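The primary structure of each chain is shown beneath.
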Amino acid sequence: QVQLVESGGGLVQPGGSLRLSCAASRSISSISTMAWYRQTPGNERELVATVTSDGSTNYADSVKGRFTISRDNAKNTVSLQMNSLKPEDTAVYYCYAKHLIFTTWGQGTQVTVSS
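Scoring rules and cut-offs
- Residues numbered from 1 in each chain as written.
- Predicted model: local features only at pLDDT ≥ 70, side-chain atom pairs only at ≥ 80, totals over all residues.
- Heavy atoms only, no water.
- Disulfide = S-S within 2.5 Å.
- Helix = DSSP H or I, 4+ residues; strand = E, 2+ residues; numbered from the N terminus.
- Phe/Tyr/Trp six-rings, centres within 6.5 Å; stacked < 30°, edge-to-face > 60°.
- Buried < 20%, exposed > 50% of the residue type's maximum accessible area, 1.4 Å probe, protein only.

Chemist: Explain the state of the cysteines here, please?
Modeler: Working definition of a disulfide: a covalent bond connecting the sulfur atoms of two cysteines. One pass over the full model with this rule turns up one disulfide. The disulfide that involves C22 links it to C95, with 2.1 Å between the sulfurs. In this structure the cystine formed by C22 and C95 twists about its S-S bond by roughly -85°; its chirality is therefore left-handed. Separated by 73 residues along the polypeptide, C22 in strand β3 (residues 18-24) and C95 in strand β9 (residues 91-99) bring together distant segments of the chain.

The structure is reproduced here in structure tokens:
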């Protein structure tokens, strides 16, 4: 079972950028889907972006045009470049991996967008 560790969260002003990284404990080249989710207090975890093993990507409408997900199979990492950040992007961001019936979550990293 792969383990995931997120990094790169922090405090940023509205309009700023952050890059989140997710490091996997083993090769991700065979993992069908890698994704980023986010969660705010009292709400369910929501999908932000996905990237499949063939490189196909999908985004939530709320982040389209501002966020970019990418995976580097050689480095076993998945990244989320977040630009033009808004206060409503404030959340704990989680890395997620799914392959066949197996799913794995990272521990999360806090992103706070505030002036």
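That shown, we press on.
Chemist: Any chance you could explain the packing of aromatic side chains here in plain terms?
Modeler: Counted by the stated rule, this structure contains four aromatic pairs. Measuring from ring centre to ring centre gives 6.4 Å for Y94 and W105, while their planes differ by 90°; the resulting arrangement is edge-to-face. Note that Y94 is positioned in strand β9 and W105 in strand β10 (residues 102-105), a separation of 11 residues in sequence. A relative accessible area of 13% means that Y94 is categorised as buried. Note on W105: relative accessible area 35%, which makes it partly exposed. Plain terms: the ring middles of Y96 and W105 are 4.7 Å apart, the flat faces sit at 55° to each other, and that makes the pair tilted.

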